[in-house]
Amino acid sequence: MNVYVNYPSSRGRDGNYILVMLCPFKGEVIYFIVRNFNFTHLTAMSSNQEIHFDEILARYKADPYNYVDMHAIHTGKVRFLLEEGAQVEGASGEWKHKPGTRLYEIDRERNTKVITSKTSGAISSIRSELDGQFVEAGEKLLTIRHPLKKKEIIEAILQEVLYLFEAPERARYYFSMDIQAKIEQKGARSVFIQPGDEIITMSLMKRDTAVYYTGEPGIIHSVYFTPGDSMDQGKPLIGVCAEEKLPLVQKVITRVKAEWE
Amino acid sequence: MSSFIQQIRCHQQVFLDRLAPHSFAPATVQKILAYGAPVGALIEHYEQLNRCMVRLQCLIEKAEQQGRVLEAGTVVLADTLTESSGRFDRVWYAPQGGIWLAMAWPDILLPEFTRFFPFAVGLACCRAVRQYGLDAQLKWVNDILVNGKKLAGILCTSIQSPGGDRYHLIGIGINGNNQTFPGELEYNATSLRVQLSRKIDLAELSGCLLAELRWAIGLLHYDEEQALAAGENCEQGRQSLVLEDWQQLSDTVGQRVEYGFDVQQNPLYQAVAREIDPCGGLVMELEDGARVTEYSGEIIYL
């Protein structure tokens, strides 16, 4: 039996995951709701499987939103600044220096921090029972429902197909000189990388660290940063695609563009 | 060749003996010095090299081929460098008369303390220069300025050896007895000799620098130990001991600055430096009053 894991966009409103399984005998698709599932060993698998456009598109059409959970950044007493249904905006300004909508305050030892939204949308759920209460670090406090644009949907689907190489730390990133030269010469989608290649330099506090590629071999299909950009830990830096799957990826883009209004 | 190294070691001990005791108890001072003890455990000195860091990388690979790891704190010194460079492949002028040094340190700190490594090295350099009576100041992150001119520069990189061991390589350049600088540096660079109007003993300066590096890197490791015991780090607002000392020697806060990832090639914006956050980030105020915090990149004073 093949297992298809649509991660992370198959994440439901309740924070659980939907595991999609294809029965080889009847060709039926079976959906399972999975709690606390460890996906780490499955991440590479998703890009080796064929793509079921209809299922994916149907899912996005039925629920064209991204659900962003906000968790307590540290222990402390929480006070919500908004109610369920409120519209919120993300950070703005040329340097993203203008904070987004104020979501909640968290106070620890009379040191109060205001946490702002990093995305636009509406508050779809809020744990109002925690208002005024002491919470532990990491406690889920609210969820923002962000309406996806066509471009974001294409990107979300691509991110299910590509191998995503993530930022190891919050830092600024730029391509290694060798990779940058190849990109300038031939374009990113002509640059083949494999595990062990020095592909990126991470710059944090004027310390440059060579970052070595650890994913599956392939070409750099998507670049999610501009050299010198500040990226948060865990954000994808590049999306890598096995060469033989490039036509499939192009098909994803064409199909979504054609079918999405 | 070896006598120069012996002189460095003698001077290093002299400076260690008279290190400012800070507010630490004697047992803590001993602990800090023990953490930093590997600094200069092995010293190589050359009359000329292409780059000290390249020599260190060769030593790392050679050690691996022999089935061992390079000694922590291994230092490579050269009287002149032929292919020295700064960040972004900027030219670094390394003639006779300066201190051109690189050191390897194993990557054993937690990431939240590794971020302070460039601050610790800057602190050590600044303190070494101040031993000569100069009012050296640190510009975020670790440029050493005297009277507004750059007297020393630091390059920090982290590498992975072919065998998978990770090291921090630090390159330090201090303008000692060199007095002339090529065109573009003429108005921005200075040296100890220019500032003091006298020649200095390079073995003494090297020994002093190694003593201060031992203290500062030891302090960083001690800082990590204390933070782990307290269960807090900078993300939770804990003030680092290294950063505390660094701030006392820095004149960055209050300056009007230009910021950029590569500020010489691509300046991004101008702002006023307002504070250094507990994680070492530079908090700057833009013209519209909004504040932005940067954790990498560089500034120039306006």
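Cut-offs and rules
Just so you know, the residues in each chain are numbered from 1, in the order the chain's sequence is written. Note on labels: chains are lettered from A, ligands numbered from 1, in written order. Local features in a predicted model are, by the rule used here, given only for residues with pLDDT of at least 70; side-chain atom pairs are given and counted only at 80 or more, and totals for whole chains, interfaces and linings are based on all residues. By convention in this description, side-chain values take in all heavy atoms of the structure and omit both hydrogens and water. Secondary structure follows DSSP: runs of H or I at least 4 residues long count as helices, runs of E at least 2 residues long count as strands, and numbering of each begins at the N terminus. Burial here depends on accessible area, computed with a 1.4 Å probe over protein chains only, as a share of the maximum for the residue type. Under 20% is buried, over 50% is exposed, and the range in between is partly exposed. The contact criterion used throughout is that any non-hydrogen atoms of two residues lie within 4.5 Å. Using the Shrake-Rupley algorithm and a 1.4 Å probe, accessible areas are obtained, with residue cover drawn only from the displayed protein chains. Working note: the arc is built from the helix axis to C-beta atom directions. Should DSSP find at least two bridges between two strands, the strands are taken to pair. For the handedness criterion, the strands are oriented away from the viewer, and a crossover whose path from the first strand over the helix to the second runs clockwise is classed as right-handed. Once two parts are joined, some of their accessible surface, as seen by a 1.4 Å probe, is lost; buried area is that loss totalled over both. Here, a salt bridge means any Lys or Arg side-chain nitrogen found within 4 Å of an Asp or Glu carboxyl oxygen. We define a polar contact as two N or O atoms separated by no more than 3.5 Å, with the added condition that, inside protein, one atom must be a possible hydrogen donor and the other a possible acceptor, whereas residues neighbouring each other in sequence contribute only through side-chain atom pairs. Working definition: a ring pair exists when centres of Phe, Tyr or Trp rings (six-membered ring for Trp) sit within 6.5 Å. Plane angles under 30 degrees give stacked, over 60 give edge-to-face, the rest tilted. Whenever a pair of cysteine sulfur atoms sits within 2.5 Å, that pair is classed as a disulfide. A fitted line through C-alpha atoms serves as each axis, taken over the contacting stretch for helices, and the angle formed by two N-to-C directions is quoted from 0 to 180°.

## As for the overall build of chain B
Then, in step 1: Looking only at helices and strands, one finds eight helices and twelve strands in chain B.
Then, in step 2: Put simply, chain B has 302 residues, and 56% of those count as buried.
Then, in step 3: Across chain B, the fraction of contacts at a sequence separation of at least 24, relative to all contacts at a separation of at least 6, is 66%.
Then, in step 4: Summed over its atoms, the accessible surface of chain B is roughly 12400 Å², and 47% of this surface lies on carbon and sulfur atoms.

## Points about the overall build of chain A
Then, in step 1: For chain A, the count of helices and strands is four helices and 19 strands.
Then, in step 2: Counting only residues that meet the buried cut, chain A has 46% of its 261 residues in that class.
Then, in step 3: Residue pairs at least 24 apart in sequence account for 67% of intrachain contacts in chain A once pairs closer than 6 positions are excluded.
Then, in step 4: Total accessible area on chain A stands at roughly 13900 Å², and carbon and sulfur atoms take up 50% of it.

## Observations regarding helix α2 (residues 26-35) of chain B
Residue and element names in this part refer to chain B.
Then, in step 1: Buried within α2 are the following residues: Thr28, Val29, Ile32 and Leu33. An end-on view of α2 places all buried positions within 135° of arc, on one side of the element. Along α2, exposed side chains directed more than 90 degrees from the buried face belong to Ala27 and Gln30.

## Examining the sheet that holds strand β8 (residues 111-116) of chain A
Residues and elements named next belong to chain A.
Then, in step 1: The antiparallel open sheet is built from four strands, whose spatial order is β8-β7-β5-β10. Of all the strands in the sheet, just β8 and β10 (134-135) have a single pairing partner and so form its edges.
Then, in step 2: Summarising the sheet, strand β7 (residues 102-108) and β8 pair through six bridges and their orientation is antiparallel. If you follow glutamate 105 over to β8, its bridge partner there is valine 114.

## What about the pairing of strand β2 (residues 75-81) of chain B?
All names here are of chain B.
Then, in step 1: The element β2 is largely enclosed, with a buried count of six among its seven residues.
Then, in step 2: Bridge count between strand β1 (residues 43-49) and β2: six bridges; the pairing is parallel. When the sheet's bridge partners are listed, tyrosine 46 is paired in β2 with alanine 78.
Then, in step 3: As a crossover connection, the stretch from β1 through helix α3 (residues 52-65) into β2 is right-handed.
Then, in step 4: Taken together, the four bridges between β2 and strand β3 (residues 99-106) define a ladder with antiparallel strand orientation. Following the sheet pairing, valine 76 is matched in β3 by alanine 102.

## Section: the interface of chain A and chain B
Then, in step 1: Counting residues at the interface gives 20 residues for chain A, matched by 37 residues for chain B.
Then, in step 2: Together, the buried faces of chain A and chain B total about 2600 Å²; carbon and sulfur atoms form 54% of this surface.
Then, in step 3: It is Trp95(A), Met205(A) and Lys206(A) in chain A that bury the most area against chain B; as a group they hold 34% of the surface buried on that side.
Then, in step 4: The interface formed by chain A and chain B includes three salt bridges.
Then, in step 5: For the pair chain A and chain B, the number of links is twelve residue pairs in polar contact (both at pLDDT 80 or more).
Then, in step 6: Residue assignment for the side of chain A that touches chain B shows that the elements contributing at least two residues are β13 (171-175), β15 (198-204) and β16 (207-212) of chain A.
Then, in step 7: When residues in the side of chain A that touches chain B are grouped by element, the largest group, five residues, is from β16(A).
Then, in step 8: The sheet contact formed by β16(A) and strand β6 (residues 149-160) of chain B spans three bridges and is parallel. Bridged to Thr209(A) within β6(B) is Ser158(B).

## Some thoughts on unusual backbone geometry
Then, in step 1: Looking along the chain, the bond that leaves Trp140(B) and enters Val141(B) is cis, with omega of 5°.
Then, in step 2: With respect to the element layout, Val141(B) can be found in the loop between β4 (137-139) and β5 (143-146).
Then, in step 3: The phi angle at Met205(A) is positive, at roughly 50°, despite the residue not being glycine.
Then, in step 4: According to the relative accessible area criterion, Met205(A) is buried, its value standing at 0%.
Then, in step 5: One non-glycine residue with positive phi stands out, namely Lys206(A), at about 60°.

## Describing the pairing of strand β5 (residues 76-80) of chain A
Residues and elements named next belong to chain A.
Then, in step 1: Taken together, the two bridges between β5 and β10 define a ladder with antiparallel strand orientation. By the bridge assignment for β10, glycine 76 is matched with valine 135.
Then, in step 2: Note: β5 against β7, four bridges, orientation antiparallel. Each residue of the ladder has a partner; that of valine 78, found in β7, is isoleucine 106.

## Points about the packing of aromatic side chains
Geometrically, a pair of aromatic rings is defined through the distance of the ring centres and the angle of the planes.
Residue and element names in this part refer to chain B.
Then, in step 1: Scanning all chains against the criterion turns up ten aromatic pairs over all chains.
Then, in step 2: Ring centres of phenylalanine 24 and tyrosine 222 lie 6.1 Å apart, and the angle between their planes is 85°; this geometry places the pair in the edge-to-face category. Of the two residues, phenylalanine 24 sits in the loop between α1 (2-17) and α2 while tyrosine 222 sits in helix α7 (residues 202-230), which places them 198 residues apart along the sequence.
Then, in step 3: Taking the relative accessible area as the measure of exposure, tyrosine 222 reaches 10% and is therefore buried.

## A word on the environment of Cys234(B)
All names here are of chain B.
Then, in step 1: Tracing the backbone through its elements, the reader meets cysteine 234 in the loop between α7 and α8 (241-248).
Then, in step 2: Separated by 122 residues in the primary sequence, cysteine 234 and glutamate 112 place their C-alpha atoms 7.4 Å from one another.
Then, in step 3: For cysteine 234, the contacting residues outside a window of four places in its chain are Arg115, Phe116, Pro278 and Cys279.

## Digging into the state of the cysteines
Residue and element names in this part refer to chain B.
Then, in step 1: All told, the structure shown has one disulfide over all chains when counted by the stated rule.
Then, in step 2: The side chain of cysteine 234 participates in a disulfide bridge whose partner is cysteine 279; the two sulfur atoms lie 2.3 Å from each other. Taking the torsion about the sulfur-sulfur bond, which here is approximately 100°, the covalent link between cysteine 234 and cysteine 279 counts as right-handed. Taken together, the residues span a long stretch of sequence, with cysteine 234 in the loop between α7 and α8 and cysteine 279 in the loop between β9 (269-276) and β10 (282-285) at a distance of 45 residues. An identical accessibility class is assigned to cysteine 234 and cysteine 279; each is buried.
Then, in step 3: Cysteine 125 supplies the cysteine sulfur nearest to cysteine 156, a cysteine that is in no disulfide, at a spacing of 9.4 Å.
Then, in step 4: Here cysteine 156 falls in the buried class, since its relative accessible area comes to 1%.
Then, in step 5: Summary of cysteine pairing: cysteine 208 is not part of a disulfide, and the nearest cysteine sulfur, belonging to cysteine 125, is at 9.9 Å.

## Quick look at the sheet that holds strand β17 (residues 218-223) of chain A
All names here are of chain A.
Then, in step 1: Pairing in this open sheet of four strands is antiparallel, and the strands run β12-β19-β17-β14 from one edge to the other. Of all the strands in the sheet, the pair left with one neighbour each is β12 (163-166) and β14 (192-193).
Then, in step 2: In this structure, β12 lies alongside strand β19 (residues 236-241), joined through four bridges in antiparallel fashion. Following the sheet pairing, glutamate 166 is matched in β19 by proline 236.
Then, in step 3: On top of the sheet, helix α4 (residues 246-259) reaches β17 and β19; it is set at about 25° to β17, its chief contact.

Functional significance is not addressed by these values, which are geometric in nature.
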